Amino acid sequence: MFQNSFAIMGSLYGSRQLLRLPVMLSEKAIMSENLNNDFSLVPTGQGTGMKVCGISLRDPLPDNLVTRLKTELAVQGVLIFSGQKDLTEEEQLRFTRAFGETFGHPLPGIGGKNPVKDTNQQVFYLTNAVDGGDTKAGSWQQKPNAESHSYKREGNTSISRSDGELAWHSDLQYMPEPQVYSVLYGMKIPRQGGETEWCNMTLAYATLDDATKRQIEGLQSINWLTRKIAPVTHPVVRVHPLTGERALYVSPGLSRYIAGWDEEKGRQLIRKLTDHATRPEFCYSHSWTPGDVIMWDNRVTMHRRKGFDLSERRVMRRTQTIGEVVIAA
């Protein structure tokens, strides 16, 4: 059904310096070129993603460095900046704004009770503390009485109420113009679990067999989260504006149907594509440490949160850039 991903890597990426796979790279650090910054890019050793070393996000980034990082995001999908301890809201916002205009989450209460008073409205906290303090429990996303909440995910089983696991999705895929970049900062981390995983949807599309590529050409998916926001239609295959590469754009958490298809057959196709996309050779799994910052390109990736002990506190801080119209293949 699917081509072997490793068999086509050379033909797909070998002739392009820009588009390269982590598995094709040496584990040796890739030093920056033509930049005045002493930083390096190191492959994660997994299916996608790069570690960025030698950069403090407390300081403004020069334009040429931002351009280089955008290029990496367009290919790798995920950048990891470790050791950014005590990063403030404003510093995180300034870093995010270097990549585009920022905005607040359209459903600000969806991440749980805000643990910080007088926070900037363009900053979004993800926490399992029900009162914003140290009372640990599932947020509305996991609580048994979630049906009474106005942000109820009608018919959506993307979040496990037993351990807080969050299904694969792309941020704001349920909006007409989904956000481009997401930045997540680890503040309080449980001792075990709560890892975040990303998969590279460009690689996933590239490794589909020709018959499947023909089958999904021109298809549209119906995406929605809550009755507060109308369902939206997006192409199943999108094109990245910086690279021109195609990527899958469906998720089990938010893509409900295939437009014009029988509902069950549409769900089967979505499941088939997302099962393929989340194969280990396309994925990066991150075990968080306080002070980690991870940035990803939602045009390239899909991600999920693994379960954790809800009796322990987990607090993450997210910023994001404004969205853009999804380019159909």
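Participant: Would you take a moment to explain the overall build of the protein for this structure?
Facilitator: Counting its regular elements, the protein contains six helices and 17 strands. Taking all 329 residues of the protein together, 55% fall into the buried category. Of the contacts made within the protein by residues no fewer than 6 positions apart, 75% connect residues no fewer than 24 positions apart. Taken as a whole, the protein presents about 14,200 Å² of accessible surface, with 48% of it coming from carbon and sulfur.

Participant: Where do I start with unusual backbone geometry in this structure?
Facilitator: Note: most peptide bonds trans; most residues except glycine with negative phi. Residues other than glycine seldom take positive phi values, yet aspartate 86 does so here, at roughly 65°. Mapped onto the secondary structure, aspartate 86 falls in the loop between strand E4 (78-81) and helix H3 (89-97). Non-glycine residue leucine 172 carries a positive phi angle of around 55°. Note on placement: leucine 172 falls in the loop between strand E6 (166-169) and strand E7 (181-188). You can call leucine 172 buried: its relative accessible area is 4%.

Participant: Explanation requested: the packing of aromatic side chains in the structure shown.
Facilitator: The description of an aromatic ring pair uses the distance of the two centres, along with the angle that the planes make with each other. Applying the stated rule across the entire model yields five aromatic pairs. Ring centres of tryptophan 198 and tyrosine 284 lie 6.2 Å apart, and the angle between their planes is 20°; on these two criteria the pair is classed as stacked. Taken together, the residues span a long stretch of sequence, with tryptophan 198 in strand E8 (residues 196-200) and tyrosine 284 in strand E14 (residues 283-286) at a distance of 86 residues. Taking the relative accessible area as the measure of exposure, tyrosine 284 reaches 5% and is therefore buried.

Participant: What is the right way to look at the sheet that holds E14 in this model?
Facilitator: Spatial strand order, E6-E16-E8-E14: four strands in an open sheet with antiparallel pairing. A strand with exactly one partner marks an edge of an open sheet, and here the two such strands are E6 and E14. Between one strand and the next, the sheet's axes are offset by a mean angle of 10°, whatever the strand orientation. For E8 and strand E16 (residues 301-305), the ladder comprises five bridges, and the chain directions are antiparallel. Looking across to E16, one finds that tryptophan 198 is bridged to histidine 303.

Participant: Hey, could you run me through the sheet that holds strand E13 (residues 255-258) in this one?
Facilitator: Two orientations exist for strands paired in a sheet by backbone hydrogen bonds: parallel and antiparallel. What the three strands build is an open sheet, ordered E10-E9-E13; its pairing is antiparallel. Edge positions in the sheet fall to strand E10 (232-235) and E13, since each has one partner strand and no second. In this sheet, neighbouring strand axes are inclined to one another by 35° on average, regardless of whether the strands run parallel or antiparallel. Where strand E9 (residues 220-223) and E13 come together, three bridges link them in antiparallel fashion. In the sheet register, isoleucine 222 faces E13, and the bridge partner there is tyrosine 257.

Participant: Teacher, can you tell me more about helix H2 (residues 63-76) here?
Facilitator: A rise of 1.5 Å per residue sets the reference length of H2, with its 14 residues, at 20 Å; its end C-alpha atoms lie 20 Å apart and thus fit the reference within 8%. Residues of H2 that are buried include every one of Leu65, Val66, Arg68, Leu69, Glu72, Leu73, Ala74, Val75 and Gln76, and no others. Glycine 77 occupies a position one or two residues after H2 and carries a positive phi of about 85°.

Participant: In this structure, what is going on with the pattern of salt bridges? I would like to understand it.
Facilitator: Pairing is possible between side chains that carry opposite charge, provided their charged atoms lie close to one another. Under the defined criterion, the tally for this structure stands at 13 salt bridges. In this structure, the salt-bridge partner of arginine 304 is glutamate 197, at a minimum N-O distance of 2.6 Å. Residue arginine 304 is found in strand E16, and its partner glutamate 197 is found in strand E8; the two are separated by 107 residues along the sequence. Taking the relative accessible area as the measure of exposure, glutamate 197 reaches 13% and is therefore buried. Across the pair aspartate 297 and arginine 299 runs a salt bridge whose closest N-O atoms are separated by 3.0 Å. Judged on exposure class, the residue aspartate 297 and its partner arginine 299 are both buried. When salt bridges with common partners are traced through the structure, they connect Glu263, Glu264, Arg267 and Arg271 into a single cluster.

Participant: Just checking my understanding: could you explain the layout of surface pockets for this structure?
Facilitator: Space left empty within the atom packing is revealed by a probe, the size of a water molecule, rolled over the atoms. Taken as a whole, the second largest pocket spans an internal volume of roughly 250 Å³. Mapped onto the lining of the second largest pocket, the elements with two or more residues apiece are E13 and helix H6 (263-277). Ranked by residue count, the leading element in the lining of the second largest pocket is H6, at five residues.

Conventions and cut-offs
Every chain is numbered independently, its residues counted from 1 as its sequence is written. Only residues with pLDDT of at least 70 are given local features in this predicted model, and only at 80 or more are side-chain atom pairs given and counted; all residues enter the totals for whole chains, interfaces and linings. Processing note: side-chain calculations cover all non-hydrogen atoms of the structure and skip hydrogens and water entirely. Counting from the N terminus, the helices are the DSSP runs of H or I reaching at least four residues and the strands are the DSSP runs of E reaching at least two. For every residue, the accessible area obtained with a 1.4 Å probe (protein chains only) is divided by the maximum for its type, and the residue is called buried under 20%, exposed over 50%, and partly exposed between those limits. Contacts: residue pairs with any heavy atoms within 4.5 Å of one another. Residue exposure ignores everything except the shown protein chains as possible cover, and the areas themselves are Shrake-Rupley values with a 1.4 Å probe. Pairs were defined over the aromatic rings of Phe, Tyr and Trp, the Trp ring being its six-membered one, requiring ring centres within 6.5 Å. Orientation was assigned from the angle between planes: stacked under 30 degrees, edge-to-face over 60, tilted for the rest. Between any two strands, pairing holds if DSSP finds at least two bridges. In this analysis an axis means a line fitted to C-alpha atoms, helices contributing only their contacting stretch, and an angle means the value between N-to-C directions, from 0 to 180 degrees. How far a helix is expected to stretch is found by multiplying one less than its residue total by 1.5 Å. A pairing counts as a salt bridge when a side-chain nitrogen of Lys or Arg comes within 4 Å of a carboxyl oxygen of Asp or Glu. Any residue with an atom within 4 Å of a point lines the site, the site being either a cavity, points on a 1 Å grid over the protein atoms alone where a 1.4 Å probe fits but cannot get out, or a pocket, an open set with protein on both sides within 12 Å along at least 5 of 7 lines. Grid points are joined across faces, edges and corners, and a volume is the space filled by probe spheres set on the points.

It is worth stressing that arrangement in space is one thing and function is another; only the former is reported here.
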